[in-house]
Amino acid sequence: MPDLREHLQELFGLDDFRPSQLGVIEDVLVAKDVLCVMPTGAGKSLCYQLPTAVQGGLTIVVSPLISLMADQVQQMRDEGLPAIFLNSSQTAAQQREVMDELRQGFEGLLYVAPERFSSGNFLANLESLKPKLFAIDEAHCISQWGHDFRPEYSQLGDVRLKLGSPPTIALTATATDDVRADIIHRLALREPSVVVTGFDRTNLAYESHRVAKVAEKDRLLIDTLKKDLSSGIVYCSTRKAVDEITTMLSENLGDRPVFAYHAGMDQAARASNQERFMTAPRSIAVATNAFGMGINKPDIRFVIHYNIPGTLEAYYQEAGRAGRDGQLARCIILFSFQDKFTHEFFISKIDSDGNLEHDVREKLKKRASDKLELMIKYAQTHRCRRQMILDYFGDEAEVTNCQCDICRHGEPASAGGETVLPDEVVTLVRQLLSAVARLRGRFGVGVVAEVLAGARNDKTTRWQLDELTVFGLLKQHSIKRIIAMLHRLIESGLARQRDPERNFRPIIELTAAGVAVMKGEQNPPAPLADLLPRNAAPSRPRSEKRSGDDLADAHLDPETLARFERLRSVRLDLARTRQLPPYCICHDRTLKLIAQYVPRDVETLEQIKGMGPHKVKMYGEQILQALNGETSE
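Colleague: How should the overall build of the chain be read in this particular structure?
Modeller: For the chain, the helix and strand inventory stands at 26 helices and 15 strands. The buried share of the chain, taken over its 633 residues, is 53%. Long-range contacts, defined as pairs at least 24 residues apart, comprise 71% of the intrachain contacts of the chain with a sequence gap of at least 6. Carbon and sulfur atoms make up 47% of the accessible area of the chain, which amounts to about 28,800 Å² in all.

Below, the structure is given as structure tokens:
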């Protein structure tokens, strides 16, 4: 088995694997079938991208996200990995070019939509393709019991057979036991590894408001959005409702950007509105469930369902598009019984063309009705909403510090204290943003990385980029590492990629949020807390080292260990109060240093490596109390 962490660092510029990624990748590399259920943002894509890079050969990736394929392929190319896509957004000439590459033995990632397998030209070449790996994203769509059933997905078992039954990885963010079993059966997976990493989203505050009349629902929606000026999504069950709500919000929210999105709009309009939603501050997307799958906007602070969805799976998937940055976000249902009638109409239309046998059709309708009733129970429940979701998916995680409306007894959700990032991370983020700004939106991620790394080549010298003040600013990092950091900025909403000339050479530029962070007007978002590689922290001259540089990893005696455990406990309390990961408060290394040196006042605490004036101001009192064995009231 190759050194996968080394490949991860060299190819993707990442320090370490997220939970369960390594085991999944190892199974894929020994040609084992895998069903992988990981929540949004857990890193599912790496589970087939890294094996492709390591073992070579062709990987076919089935994805319904036509609008995002170009971005996915470009990100792989930025990492130096071969990738192409084939979908209906391309011209006939572009599609022929891709097919020629495949016939000539292309090795790398091929992204295709499920509908492509029904295309005559592609179907004729299917049996000649010899993929080393078959990856299916949004795999819940395969199951007839899945909440987003698509006929094209149900045929992927036959497609896999025509491809010679290659090793297969099926990936989804949401699937119950029934759906998982159905996926395995329909794809004929061979004794697959089934990896389920959990469904608990601790930073989401679930709410449901019962309303009797449409006018009351409209007032509640407008009032909520007037109070919350952040970005978010409003889901509606029909295209007509999307158009009406978009007009209503545009008229009542002044200059707030409101964008519609549904399948009845032409592709160019949908793509334009999606792009504007991703980049405009305080933006609102009003959409059917056609919107949001694969959307990588981390700072969505609310998802409001103007109409209830038909299943808890759909609700979990759609609500889960909020709070990808790990900070508190609200997931609100505006429930009225009229919503039930809309879904009952949809259920009555199941197999209206009569393609299925009567028993199968009635079974589908019964299952859909049962799921709708459970969704309505959720909307009206008096028990913890987070716990109800976990129980439904069979997740045995214990719910603590829940922010749902039931657990809060109607009190509004609060995001708690300010996020504090290490000073060196804030500096690094601003250095990266400054380089993007200096190149003025004329170059892509790769060139920005070369400039920061101080690479002298034809491009940097021809364009006199080696004369910029940011040239070589991060020369202690590899170009791969810097590319990975730049993509983290894009994921966090501080920068974006755009292809103004449509020549598949996207440039990188700052967003409004990125400009504000670069100028110091606001802090970087919390998920960037681990941006600085653990083994690449800038070293200080020995005379400038803070206390404990050489002792953090020393063996802890029993008394020091007891202090360390008290500090970990207070850190966990602070993290829960502020809805942050514990490492955003401070790392274990810092806690060990505090436990070893036992500072008696804030001045001494400031000298501990990993602390500083801002962190001491935020957390110093609680840390000193825990250090002395005291408890705060």
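Colleague: How should I be thinking about the pairing of strand β5 (residues 133-136) in this particular structure?
Modeller: Within a regular beta strand, the side chains point alternately toward one face of the sheet and then the other, so they alternate between its two faces. Because side chains alternate across β5, one face comprises the buried residues L133 and A135, and the other comprises F134 and I136, equally buried. In this structure, strand β2 (residues 58-62) lies alongside β5, joined through 4 bridges in parallel fashion. Across the sheet, V61 pairs through a bridge with A135, a residue of β5. Pairing between β5 and strand β6 (residues 168-172): 3 bridges, direction parallel.

Colleague: Before we go on, may I ask you to explain the side chain of K44 in this structure?
Modeller: Summarising the element assignment, K44 is placed in the loop between β1 (34-37) and α3 (46-55). Among buried Asp, Glu, Lys and Arg side chains, K44 stands out as unpaired, with D137 the closest opposite charge at 5.7 Å. A distance of 3.3 Å separates the side chain of K44 from the backbone oxygen of M38, its partner in a polar contact. Other than its neighbours up to four places away in sequence, K44 contacts M38, P39, D137, L171, T172 and A173.

Colleague: So what exactly am I meant to see when it comes to the sheet that holds strand β13 (residues 329-335) here?
Modeller: Strands belonging to one sheet form pairs held by backbone hydrogen bonds; the direction of such a pair is parallel or antiparallel. Spatial strand order, β8-β13-β12-β9-β11-β10: 6 strands in an open sheet with parallel pairing. A strand with exactly one partner marks an edge of an open sheet, and here the two such strands are β8 (204-210) and β10 (258-261). Adjacent strand axes in the sheet meet at a mean angle of 15 degrees, parallel and antiparallel pairs treated alike. Across 7 bridges, the pairing between β8 and β13 is parallel. Bridge assignment links S208 to a residue of β13, and that residue is I333. Running over the sheet, helix α10 (residues 214-227) touches β8, β9 (232-235), β11 (284-287), β12 (302-305) and β13 and is turned about 165 degrees from β13. Helix-sheet contacts for helix α12 (residues 267-279) involve β9, β10 and β11, and the interaxial angle to β10 is about 140 degrees.

Colleague: Would you take a moment to explain the sheet that holds β5 for this structure?
Modeller: Taken in spatial order, the 7 strands make up an open sheet running β3-β4-β2-β5-β6-β1-β7, and their pairing is parallel. In this open sheet, the two strands that pair with only one neighbour each are β3 (83-86) and β7 (193-196). Averaged over all pairs of adjacent strands, the angle between strand axes in this sheet comes to 15 degrees, irrespective of strand direction. Note that β1 and β6 share 4 bridges and pair parallel. Looking at the pairing, V34 lines up with I169 of β6. In the packing of helix α5 (residues 92-103) onto the sheet, contacts are made with β2, β3 and β4 (108-112), and the angle to β3 comes to roughly 130 degrees. Of the strands in this sheet, β1, β5, β6 and β7 are in contact with helix α9 (residues 177-187), which crosses β1 at around 150 degrees.

Colleague: Got a minute to help me understand the confidence of the model for the chain in this structure?
Modeller: Should the pLDDT be low somewhere, the predicted coordinates at that spot are not to be read in detail. For the chain, mean pLDDT is 85; residues scoring 70 or higher make up 89% of the total. Segment residues 536-554 is flagged for pLDDT under 50; beyond a separation of four residues in sequence, or across chains, it makes 33 contacts in the model.

Colleague: Explanation requested: the nonpolar core in the structure shown.
Modeller: Across soluble globular proteins, nonpolar side chains have a tendency to be buried as a group. One finds L102, L110, F117 and F122 to be the most contacted residues of the largest nonpolar core, which totals 71 residues. Ranked by residue count, the leading element in this core is helix α15 (residues 358-380), at 6 residues. Setting aside residues up to four positions removed in sequence, L102 forms contacts with L58, I84, L110, F122 and L129. Judged by nonpolar contacts, the second largest core, of 37 residues, contains L428, V436, L452 and I490.

Colleague: What is the right way to look at the pairing of β10 in this model?
Modeller: What you see with β10 is no split at all: V258 and A260 on one side and F259 and Y261 on the other are buried throughout. Strand direction decides the pairing type here: β10 and β11, joined by 4 bridges, are parallel. Across the sheet, the residue bridging to F259 is A285, located in β11. In this fold, β10 hands off to α12, which returns the chain to β11; that crossover is right-handed.

Colleague: Sorry if this is basic, but what is going on with the side chain of H343 here?
Modeller: Turning to its location among the elements, H343 is positioned in helix α14 (residues 337-348). H343 sits in the buried class, given a relative accessible area of 10%. Apart from residues lying up to four places away in sequence, H343 is in contact with I308, P309, G310 and L372.

Colleague: Even after reading the chapter, I still don't get the packing of aromatic side chains, so can you show me in this structure?
Modeller: Two aromatic rings are characterised by how far apart their centres lie and by the angle between their planes. Summed over the entire model, instances satisfying the criterion amount to 13 aromatic pairs. On the numbers, 4.4 Å between centres and 10 degrees between planes, the contact of F199 with F393 is stacked. Residue F199 is found in the loop between β7 and β8, and its partner F393 is found in helix α16 (residues 385-393); the two are separated by 194 residues along the sequence. Here F199 and F393 have matching classes, each one buried. Ring centres of F443 and W463 lie 5.7 Å apart, and the angle between their planes is 80 degrees; this geometry places the pair in the edge-to-face category. Of the two residues, F443 is situated in the loop between α18 (423-438) and α19 (445-453) and W463 in the loop between α20 (458-462) and α21 (479-491); the sequence distance between them amounts to 20 residues. Overall, F443 belongs to the buried group, its relative accessible area being 9%.

Colleague: Just to check I follow, could you spell out α15 for this structure?
Modeller: An α-helical turn contains 3.6 residues, so any two residues separated by three or four positions project in the same direction. In a regular helix each residue adds 1.5 Å, so 23 residues correspond to 33 Å; α15 covers 33 Å between its end C-alpha atoms and thus fits that length. Turning to α15, the residues buried within the fold contact β8, α13 (312-319), β13, α14 and α16.

Colleague: Even after reading the chapter, I still don't get the packing of α13 against α15, so can you show me in this structure?
Modeller: When two helices pack together, their arrangement is given by the angle between their axes and by how far apart the axes lie. In contact at an axis separation of 8 Å, α13 and α15 are set at 55 degrees when each is read in the N-to-C sense. Relative to α15, the element α13 lies oblique. Packed against α13, whose contacting residues are L312, E313 and Y315, the element α15 presents K371, L374, M375 and Y378 at the interface.

Calculation rules
- Residues numbered from 1 in each chain as written.
- Predicted model: local features only at pLDDT ≥ 70, side-chain atom pairs only at ≥ 80, totals over all residues.
- Heavy atoms only, no water.
- Helix = DSSP H or I, 4+ residues; strand = E, 2+ residues; numbered from the N terminus.
- Buried < 20%, exposed > 50% of the residue type's maximum accessible area, 1.4 Å probe, protein only.
- Contact = heavy atoms within 4.5 Å.
- Areas by Shrake-Rupley, 256 points an atom, 1.4 Å probe, with all protein chains shown as cover.
- Pairing = 2+ DSSP bridges.
- Lys, Arg positive; Asp, Glu negative; His and termini not counted.
- Salt bridge = Lys/Arg side-chain N within 4 Å of Asp/Glu carboxyl O.
- Polar contact = N/O pair within 3.5 Å; in protein donor to acceptor, adjacent residues only side chain to side chain.
- Axes fitted to C-alpha atoms, helices over the stretch in contact; angles between N-to-C directions.
- pLDDT = per-residue confidence, 0-100.
- Core = buried A, V, L, I, M, F, W, Y, C linked by side-chain atoms within 4.5 Å.
- Right-handed = clockwise from strand over helix to strand, strands pointing away.
- Phe/Tyr/Trp six-rings, centres within 6.5 Å; stacked < 30°, edge-to-face > 60°.
- Expected span 1.5 Å × (residues − 1).
- Parallel < 35°, antiparallel > 145°, perpendicular 65-115°, else oblique.

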